[in-house]
Amino acid sequence: MARRFDAADAGFDAAFSDFLNEPRGPEDNVARAVAAIIADVRARGGAAVAEYTVKFDELELDPATLQTAAVDLEALARSCPTDLRTAIDFAHDRIATYHAAQRPEDHRFTDEAGVELGWRWTALDSVGVYVPGGLASYPSSVLMNVVPAKIAGVQRVVMVAPAPGGTLAPGVAYAALKAGVDDYYPIGGAQAVAALAFGAGDLLPVDKIVGPGNAYVAEAKRQVFGTVGIDTIAGPSEILVVADESANADWIAADLLSQSEHDASSQSILITVDKGVGKAVEEAVENQLNSLSTGARARTAWDTHGAIVEAADLGAAADIANRIAAEHLELCVADPDAMLPSIRHAGAVFLGHHTPEALGDYVTGSNHVLPTSRAARFSSGLGLFDFLKRMSVQRASPEGFAALAPVALKLAEAEGLPAHARSVSIRSNMPLRGKPGSDG
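Residues numbered from 1 in each chain as written. Predicted model: local features only at pLDDT ≥ 70, side-chain atom pairs only at ≥ 80, totals over all residues. Heavy atoms only, no water.

**Points about the pattern of salt bridges**
Between side chains of opposite charge, a pair can form as their charged atoms come close.
Then step 1. A full pass over the atoms with the stated rule returns 15 salt bridges.
Then step 2. With a shortest N-O distance of 3.7 Å, Asp89 and Lys178 are connected by a salt bridge. Of this pair, Asp89 sits in helix α5 (residues 82–100) while Lys178 sits in helix α7 (residues 170–179), and the two are 89 residues apart along the sequence.
Then step 3. For Lys178, a relative accessible area of 32% corresponds to the partly exposed category.
Then step 4. Members of the salt-bridge network, linked through shared partners, are Arg4, Glu282 and Glu310. (Salt bridge = Lys/Arg side-chain N within 4 Å of Asp/Glu carboxyl O. Helix = DSSP H or I, 4+ residues; strand = E, 2+ residues; numbered from the N terminus. Buried < 20%, exposed > 50% of the residue type's maximum accessible area, 1.4 Å probe, protein only.)

**Quick notes on the nonpolar core**
Then step 1. Among the nonpolar cores identified, the biggest contains 73 residues, and Met159, Leu168 and Ile187 are the most heavily contacted of them.
Then step 2. In terms of nonpolar packing, the next biggest core, distinct from the first, is built from 24 residues, Ala318, Ala321, Ile324 and Leu331 among them. (Core = buried A, V, L, I, M, F, W, Y, C linked by side-chain atoms within 4.5 Å.)

**A closer look at helix α16 (residues 398–414)**
Then step 1. Taking 1.5 Å as the rise per residue, α16 with 17 residues should run 24 Å; its terminal C-alpha atoms sit 24 Å apart, in good agreement.
Then step 2. At Leu404, α16 shows its largest bend, some 40°, and a proline, Pro406, comes one to four positions later.
Then step 3. Every buried residue belonging to α16 is among Gly400, Ala405, Leu409, Ala412 and Glu413, and all of these are buried.
Then step 4. On its buried face, α16 is in contact with β3 (115–123), β14 (388–396) and α17 (418–425). (Expected span 1.5 Å × (residues − 1). Bend = angle between axes of the 7 residues up to and from the residue. Contact = heavy atoms within 4.5 Å.)

**Digging into the pairing of strand β12 (residues 328–332)**
Then step 1. Of all 5 residues in β12, 5 are buried; the element is thus mostly enclosed.
Then step 2. Note: β12 against strand β13 (residues 348–351), 4 bridges, orientation parallel. By the bridge assignment for β13, Leu331 is matched with Leu351. (Pairing = 2+ DSSP bridges.)

**Looking at the packing of α5 against helix α6 (residues 139–152)**
Then step 1. Following both chains from N to C, one finds α5 and α6 inclined at 40°, their axes separated by 9 Å at the closest point. By the angle class used here, α5 and α6 are oblique. As α5 runs across α6, the sense of the crossing is right-handed. In this structure, α5 contributes Ile88, Ala91, His92, Ile95, Ala96, His99 and Ala100 to the contact, and α6 contributes Pro139, Leu143, Met144, Val147, Pro148 and Ile151.
Then step 2. Partitioning the contact of α5 with α6 into residue classes produces 11 nonpolar, 2 polar and no charged. (Axes fitted to C-alpha atoms, helices over the stretch in contact; angles between N-to-C directions. Parallel < 35°, antiparallel > 145°, perpendicular 65-115°, else oblique. Left-handed = near helix turned anticlockwise from the far one by under 90°. Nonpolar A, V, L, I, M, F, W, Y, C, P; charged D, E, K, R; others polar.)

**A closer look at unusual backbone geometry**
Then step 1. In this model, Glu58 sits at a positive phi of 55°, which is unusual for a non-glycine residue.
Then step 2. Looking at the secondary structure, you find Glu58 in the loop between α3 (46–57) and α4 (73–78).
Then step 3. With a phi close to 50°, Ala325 is a non-glycine residue in the positive phi region.
Then step 4. Relative to the helices and strands, Ala325 is located in the loop between α13 (314–324) and β12.
Then step 5. For Ala325, a relative accessible area of 0% gives the class buried.

**Quick notes on helix α11 (residues 275–289)**
Then step 1. The terminal C-alpha atoms of α11, which comprises 15 residues, lie 21 Å apart, in line with the 21 Å expected from a rise of 1.5 Å per residue.
Then step 2. Taken together, the buried positions of α11 are Val277, Gly278, Val281, Glu282, Ala284, Val285 and Leu289. Taken down its axis, α11 places every buried residue within 170° of arc, on the same side. Exposed residues pointing more than 90 degrees away from the buried face of α11 are listed as Lys275, Lys279 and Asn287.
Then step 3. Tucked into the core, α11 has its buried residues touching β1 (3–6), β9 (238–243), α10 (249–260), β10 (267–272), α12 (295–305) and β11 (307–310).
Then step 4. Backbone nitrogen of Gly276 and a side-chain oxygen of the N-cap are separated by 2.9 Å at the start of α11; the cap is Asp274. (Arc of directions from axis to C-beta. Polar contact = N/O pair within 3.5 Å; in protein donor to acceptor, adjacent residues only side chain to side chain.)

Next up, the structure:
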């Protein structure tokens, strides 16, 4: 059974902090194993990736091409059921519309000194998308990562998804082709991340790696960051629901369990300003757990990491919500728009009783790749900006140079950088204070 907290209790702050800081990831230290795999792939390239794929996925690949006749993306896509294709098409179009609206504009202006300033947005050249594969079917993950990359103008989008024994879900294959994946390799794990970062066989290195994965994938992304960009280090799934007396207990219970069923490490929290709602939700969760096919892991997550918090009012509830900075936040209250300005930290916010988090996972159009483990305090969910770069642009006219040069020269001299100073003074009649080449 989930833990209960009352925000009015004297020891709430300390007890709730302990609860939020409890580890929810894997207990095993995977860093050393991942480092060894990455080093091996860097040293031996496609041969190493092929060996790991046989070891972990029982699938033989050509070390040069990292491909196999056992996995045909186009044939798999053709076997995708019609109704699923229709659903993927619908979700694709909504995701595309949402992310296209995020496109920023280039900008230029000339300031009072006569200096032209601005910025310009350009797309990344190449992106690697990691998608969990095998019997797992996550076409939504394909769409959420590939669609914004293509809309941003990324020239080469490479998808990797493991295909154990040659098995890849047809829905994943269809989503990949629908979204516009340029290349697909049936590889997974830390070895796939290493191949994307450093290249292996015919797989050329990419500039950024995005997409969810297990602990080994997350650790591999952490270790290759700097060589390539990454989206985020994803942790276990989270949902936070804030509810008042207008909430439907059965609906909230279903929403909480929608995240608990992901993994035994997932976290579901309810903050309520009505004790009756809290009790009703607790009972509803117990009833629904008994009928879920995923009930075993959902129960483990709920009993181990779930919580129900009683707050004095919605203001207090908002303060606690900001403290949690959850991946998903549902405001199941009578007037969610009135509460929204008080929310500063959340990956995605779902307003009102008819906006369950599950809609955002699939079809609202908003991205479901979101910060976890309280990272919403300082980061955002995946979007078009993750596949773009902003370059600053500046031009000084002779008059603009004359207006800025004296201050630039003064600062260069103060910092002891004579070459900086000379690059300014050489364009003007302003003398250097020190001798050429000196620090003065």
